[in-house]
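Chain residues, written in single-letter form:
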Amino acid sequence: MANPPGTVGPPKRNPKGKTHSSAYRLSGIARCGHCHGPMIGKIARTSKYTYRCYYCANAQKSRAKCSFYNGHVADKLEKAVLDYLGQFSDPAKVKELVEKSISDSQAHNSIETRQKELKAAEKRISQLQELVLKDIDRLDRGILTEGEYTAVSQVRREEIAQLKAEVDTLTAIMAEAKAKTDTVERVPVQIQSLFEDFNTLDIRLQKARLQEIVKAISLFSNDDRLEIEFR
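So, here's what we can say about the structure.

What counts and what doesn't
- Position labels on residues start from 1 in each chain and follow its written sequence.
- Totals for whole chains, interfaces and linings use every residue, but because this is a predicted model, local features are given only for residues with pLDDT of at least 70 and side-chain atom pairs only at 80 or more, for both listing and counting.
- Side-chain numbers come from the whole structure's heavy atoms, not from hydrogens or water.
- The helix count covers DSSP runs of H or I at least four residues long, the strand count covers runs of E at least two residues long, and both are numbered beginning at the N terminus.
- Partly exposed residues are those whose accessible area sits between 20% and 50% of the maximum for their type, while under 20% is buried and over 50% is exposed, using a 1.4 Å probe and protein chains only.
- We call two residues contacting when some pair of their heavy atoms lies within 4.5 Å.
- Throughout, the Shrake-Rupley method with a 1.4 Å probe supplies accessible areas, and for residues the shown protein chains are the sole cover considered.
- Working definition of a nonpolar core: buried Ala, Val, Leu, Ile, Met, Phe, Trp, Tyr and Cys residues. They are joined through side-chain atoms within 4.5 Å.
- By definition, two strands form a pair when at least two bridges between them are found by DSSP.
- Every axis corresponds to a line fitted to the C-alpha atoms, with the helix fit spanning only the stretch in contact, and the corresponding angles, defined between N-to-C directions, vary from 0 to 180 degrees.
- Any two of the Phe, Tyr and Trp rings considered here, Trp counted by its six-membered ring, make a pair once their centres fall within 6.5 Å; the pair's planes then place it as stacked at under 30 degrees, edge-to-face at over 60, or tilted in between.
- By definition, being over a ring means that NZ of Lys or CZ of Arg is both within 6 Å of the ring centre and within 35 degrees of the ring normal.

1. Points about the overall build of the protein chain
When helices and strands are tallied, the protein chain shows 7 helices and 6 strands. Shown N-terminal to C-terminal, the secondary structure of the protein chain runs as helices and strands in the order β-β-β-α-β-α-α-α-α-α-α-β-β. Counting the 231 residues in the protein chain, one finds 36% classified as buried. Look at the contacts in the protein chain between residues 6 or more apart in sequence, and 61% of them connect residues 24 or more apart. Carbon and sulfur atoms form 52% of the exposed surface of the protein chain, whose accessible area is close to 14,200 Å².

Structure representation (structure tokens):
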């Protein structure tokens, strides 16, 4: 008689609780949505059958590390994940997912606005640095006293330091925005390529292909919710 879906044969062929990470497509990217710990591939068994499953590694070690019983039958979960990934061959879906990850502060400021702010900050830094040099020249020529130079120099240097911190923040935001734009352009092509020959590959190659695209998939107990983070 055939085994039910998700089973891997009679229980006597598999040691109780043995982990087989290489046989699980999602190992390395599956994460518990509650504690963010890894989901590990593990054999579970009933009185008649053994099943490939994913469990939260933290919950397996200690309920203090994760209090949720987060376990999923591997075949069902892997199919659900692949079906979920399939929708991201549509660039509009990827853009929607990416936009959800943008912080509130970024959502209210367009990239064009950030670029203008960055250029303005860099221009002001250049102006202040020129003024510092002029102040030194004025000090050398006796136009400024030592006390006057020290006071004005301190003000200028504090403003430069503040502006440089602002430039660093804006540069990081711009880099993140560019990465998100690249994701929208790159992921649909990768997803389409993934499914062209996915079923013909062995599990190790399937895992490698998935890990090229997906950084993490968060799984939750008691529902079918998935959260995905692309590379």
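2. Comments concerning unusual backbone geometry
For His36, which is not glycine, the phi dihedral falls at a positive 70 degrees. Counting through the fold element by element, His36 comes out in the loop between β1 (30–32) and β2 (39–45).

3. Quick notes on the nonpolar core
Leu26, Leu85, Leu210, Val214, Ile217 and Phe230 are the most contacted members of the largest nonpolar core, which totals 31 residues. When contributions to this core are tallied by element, the ones reaching two or more residues are β1, β2, β3 (50–56), α2 (74–86), α6 (146–197), α7 (203–213), β5 (214–219) and β6 (226–230). It is α2 that provides the largest number of residues to this core, a total of 5 residues. Once residues within four sequence positions are removed from consideration, Ile217 is found in contact with Ile29, Ala30, Arg31, Val81, Leu226, Glu227 and Ile228. Within the second largest apolar cluster, 9 residues are counted, among which are Leu118, Leu128, Val167 and Leu170.

4. Observations regarding the sheet that holds β3
Backbone hydrogen bonds are what pair the strands of a sheet, in a parallel or an antiparallel way. Spatial strand order, β2-β3-β4: 3 strands in an open sheet with antiparallel pairing. Of all the strands in the sheet, just β2 and β4 (71–73) have a single pairing partner and so form its edges. Averaged over all neighbouring strand pairs, the angle between strand axes comes to 35 degrees, with direction disregarded. The pairing of β3 with β4 spans 3 bridges and is classified as antiparallel. Bridge assignment links Cys53 to a residue of β4, and that residue is Val73. In the packing of α2 onto the sheet, contacts are made with β3 and β4, and the angle to β3 comes to roughly 60 degrees.

5. A look at the pairing of β5
With respect to burial, β5 is a largely interior element, 5 of its 6 residues being buried. With 3 bridges joining them, β1 and β5 adopt parallel strand pairing. From the neighbouring strand, Ala30 faces β5, where its bridge partner is Ile217. Bridge analysis of β5 against β6 gives 5 bridges, and the strand direction is antiparallel. Residue Val214 lies in a different strand from β6, and its bridge partner there is Phe230. With antiparallel pairing between neighbouring strands as the criterion, β5 and β6 make up a hairpin whose turn holds 6 residues, including Asn222 at a positive phi of roughly 65 degrees.

6. As for the packing of aromatic side chains
The tally for this structure, following the rule as stated, stands at 5 aromatic pairs. Seen from their ring centres, Tyr24 and Tyr54 are 5.2 Å apart, and the 80 degrees between their planes marks the pair as edge-to-face. Pair noted here: Tyr24 is in the segment before β1 and Tyr54 is in strand β3, with a separation of 30 residues, a long-range link. Note on accessibility: Tyr24 and Tyr54 belong to one class, buried. A connected cluster of aromatic rings, assembled from ring pairs, spans Tyr84, Phe88 and Phe230. A cation over an aromatic ring shows up here: Arg52 above the ring of Tyr24, its NZ or CZ 5.0 Å from the ring centre. A cation sits over an aromatic face here: Arg225 above Phe220, 3.7 Å from the ring centre.

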